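# Architecture and fold: a report
Residues per chain are reported as follows:
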Amino acid sequence: MLDFKKEIAELLSKELPDLYLEEIKEMIEVPQDSKMGDYAFPCFKLAKTLRKAPPIIAGEIAEKIKGSDLFEKVEQVNAYVNMFVSKEKLGKDTLSAIIEGGEKYGTSELGKDRTVIVEYSSPNIAKPFHIGHIRSTVIGNSLYKIYQALGFDMVRINHLGDYGTQFGKMICAYRRWGNKEDVEKEPIKTLLDYYTKFHVEAEKDPTLEDEAREIFAKLERGEPEEVELWQWFRDESLKEFSKVYDMLGIEFDSYAGESFYSDKMPRHEKELEDSGLMQESQGAKIVDLEEEGLGVALIKKSDGSSIYITRDIAAAIYRKETYDFYKNIYVVASQQSLHFQQLFTILRKMGYEECADGCVHVPFGLVRLEEGTMSTRHGRVVFLEDVLNKAVEKTREIIAEKNPGAENIDEIAAQVGIGAVVFNELSNNRIKDYTFKWDTVLNFDGETGPYVQYTHARCCSLLKRAGEDVSSKAEALGKSGDVDFNYLSGDAAHELIKLLYTYPDVIVQAAERYEPSLITRHIIDIAQEFNRFYHDEHIITENEDEKTAKIALVLATRNVLRNGLALLGVASPERM
């Protein structure tokens, strides 16, 4: 597909021989107001070398390039050269690339032969898979899809929280107050009740904490009874988690959790000892990072039990040695920012600079409930499975009310309801905290997932109404670039085509910034611009050439909406 920025930069470079091509390309801007052109070139920077006022330079450049067939119009406005690209050239090139590319439009081979690991979701065994986990789960899944679209070899890791002192507490609680039948009937909710009861009772009897620590120490030593209970809790938890992953359509290549690295830690503890990095402090083992402004990292507790940074050191090195990753992305809440700064710094101090350089923490804001911060200790959580089921049920009710005779109502309700929840999570900048509210998540009006899905379904409906012959002709002419663009010269059509054209760039930006909301925002813009085109223009007309041209644009829009939703992990129903 034609790279207009590059073409414009090459044109300008002939007039500006003292500037490098890439330098010129970086200077080219896209005006926020389309009335100021599709591209603009500021001339302030040139005043010193050309010894002229910027508006004069802009006027001279505009005069020299306005004859190019790239443009419909070039004008000087103050110190800017404002360029309006040829609608026909942009339109033909864009529709051809989209219709020819199909599901591959927007993909590239930028990441060829490089491996990216994404660690996401990572719930704690024997604890609820609650609404707080959805951010890591859907942001990570989207980043996996975005990087995959750019040609990287991907590895999806669910780094389960299946180790640590909490398992001593869980086993202690189960032995004192639990029974097997209740756990097997409702594993997570029952184990949560035990965990909550432990903390209530421990406030009355602090010796329970010592008992739990001793139980975990036995687990670390591999005592059969403790290991058997831990394994049972893990297996039962994974059965429950899989229900949610199935609903979200999410899979993983590895469920290697913290426990996987327990036998790999001694090697790295020895490295820390031998290098003099690890010191003793009040019976515990630490790495002092005060000089780096990162405080003290606890490596081993005074009772000899490990802590999760020790397991993370082993995990990062194992992943580098196993996968030779280009990037190792951790999609983990912003609360853990200090932890990851400490981890990456320790890796560098240990001599694993290349490993540390490839590690990236992608933080995100917290989810709060209206009644306060969630707490598994106090049993104050909203189960994610309940959220998804409620979203599907509400969608089913809406569809039944608006379209009582709809076919496949259960399938569409699942696609739209779950899509609404996922899209809501990916709509805002990931770093922002937010309060979970049912009426916001399940709002089907405005800039939402259902709105984009409905626009996709509207495109499918128009293609069906136009008929197989017209749709096939539009596809063929779109691929060859022979669509009559006299019928696509309106403002709405042009603005829509510009958004379709820039979609591949948005994918790259989303990857570079680890920000799926850029794609969410872009496909909302496409949906809004398409609906303006739909309302401004009569698409299924008597004029065959006009109908074919407009259906080609409908087909291209459908493809990009479908592709964009797929990168978010959201389905694209053809009917709603």
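Everything in this summary refers to the structure shown in the same document. Since this is a predicted model, take the numbers as computed values, not measurements.

## Points about the overall build of the protein chain
Within the protein chain, the secondary structure is distributed over 23 helices and 13 strands. With the C-alpha coordinates of the protein chain rotated into their principal frame, the extents come out at 85 × 70 × 40 Å. The long-range fraction of contacts in the protein chain, counting pairs at least 24 apart against all pairs at least 6 apart in sequence, stands at 73%. Of the roughly 26200 Å² of accessible surface on the protein chain, 45% is carried by carbon and sulfur atoms.

## Details of the packing of aromatic side chains
Using the criterion set out here, one finds 24 aromatic pairs in the structure. Both rings, one in Tyr330 and one in Phe344, keep their centres 6.0 Å apart while their planes meet at 40°; by these two values the pair is tilted. Of this pair, Tyr330 sits in strand β9 (residues 327-331) while Phe344 sits in helix α14 (residues 337-349), placing them 14 residues apart in sequence. The same class applies to Tyr330 as to Phe344, namely buried. The interplanar angle of 45° and the centroid separation of 5.9 Å between the aromatic rings of Phe340 and Phe344 together place this pair among those described as tilted.

## Regarding the sheet that holds strand β5 (residues 153-157)
Reading across the sheet, the four strands line up as β5-β4-β9-β10 and stay open at both edges, with parallel pairing between neighbours. Two strands lie at the open edges of the sheet, namely β5 and β10 (359-362), each paired on one side alone. Averaged over all pairs of adjacent strands, the angle between strand axes in this sheet comes to 20°, irrespective of strand direction. Set on the sheet, α14 makes contact with β9 and β10; between it and β10 the angle comes to about 175°.

## Quick notes on the sheet that holds strand β8 (residues 296-300)
Strand order across the open sheet formed by three strands is β6-β7-β8, with antiparallel pairing between neighbours. The open sheet is flanked by β6 (278-281) and β8, the only strands paired with a single partner. Here the strands of the sheet are splayed against their neighbours by 45° on average, with no regard to which way each runs.

## Digging into the side chain of Lys498
By the secondary structure assignment, Lys498 is in helix α21 (residues 491-513). In this structure Lys498 touches Ser34, Asp38 and Leu90, once residues within four positions along its chain are discounted.

## Remarks on a negative patch on the surface
Together, Glu181, Asp182, Glu184, Glu186 and Asp193 line one region of the surface with negative charge. Here Glu181 shows up in helix α8 (residues 180-185).

## Details of the packing of helix α6 (residues 134-149) against α21
The interhelical angle for the contact between α6 and α21, taken along N-to-C directions, is 125°, at an axis separation of 10 Å. Judged by the angle between their axes, α6 and α21 are oblique. By crossing handedness, the relation of α6 to α21 is classed as left-handed. In contact with Leu143, Ile146 and Tyr147 of α6, α21 contributes Ile507, Ala510, Ala511 and Glu512. Partitioned by chemical class, the residues of the contact of α6 with α21 number six nonpolar, no polar and one charged.

## Observations concerning the nonpolar core
Membership of the largest hydrophobic core comes to 150 residues, with the highest contact counts inside it found for Phe41, Ile61 and Val81. Excluding anything up to four places from it in sequence, Val81 contacts Tyr39, Ala40, Phe41, Cys43, Ala58, Ile61, Ala62, Ile65, Val74 and Glu75. Leu289, Ile307, Phe325 and Phe344 belong to the second largest nonpolar core, which has 29 residues in total.

## A short note on the packing of α21 against helix α22 (residues 517-536)
Closest axis-to-axis distance for the α21/α22 pair is 9 Å, and the angle between their directions is 170°. In this view, α21 runs roughly antiparallel relative to α22, as classed from their interaxial angle. Taken together, the residues that form the contact of α21 with α22 break down as 14 nonpolar, three polar and seven charged.

## Section: the environment of Gln282
For Gln282, the location among the structural elements is in the loop between β6 and β7 (284-288). With 20 residues separating them in the primary sequence, Gln282 and Ser302 have C-alpha atoms 7.2 Å apart.

Reading guide: rules and limits
Residues numbered from 1 in each chain as written. Predicted model: local features only at pLDDT ≥ 70, side-chain atom pairs only at ≥ 80, totals over all residues. Heavy atoms only, no water. Helix = DSSP H or I, 4+ residues; strand = E, 2+ residues; numbered from the N terminus. Contact = heavy atoms within 4.5 Å. Areas by Shrake-Rupley, 256 points an atom, 1.4 Å probe, with all protein chains shown as cover. Phe/Tyr/Trp six-rings, centres within 6.5 Å; stacked < 30°, edge-to-face > 60°. Buried < 20%, exposed > 50% of the residue type's maximum accessible area, 1.4 Å probe, protein only. Pairing = 2+ DSSP bridges. Axes fitted to C-alpha atoms, helices over the stretch in contact; angles between N-to-C directions. Patch = residues over 30% accessible without salt bridge, like charges linked within 9 Å, V, L, I, M, F, W, Y side chains within 5 Å. Salt bridge = Lys/Arg side-chain N within 4 Å of Asp/Glu carboxyl O. Lys, Arg positive; Asp, Glu negative; His and termini not counted. Charge placed at Lys NZ, Arg CZ, Asp CG, Glu CD. Parallel < 35°, antiparallel > 145°, perpendicular 65-115°, else oblique. Left-handed = near helix turned anticlockwise from the far one by under 90°. Nonpolar A, V, L, I, M, F, W, Y, C, P; charged D, E, K, R; others polar. Core = buried A, V, L, I, M, F, W, Y, C linked by side-chain atoms within 4.5 Å.

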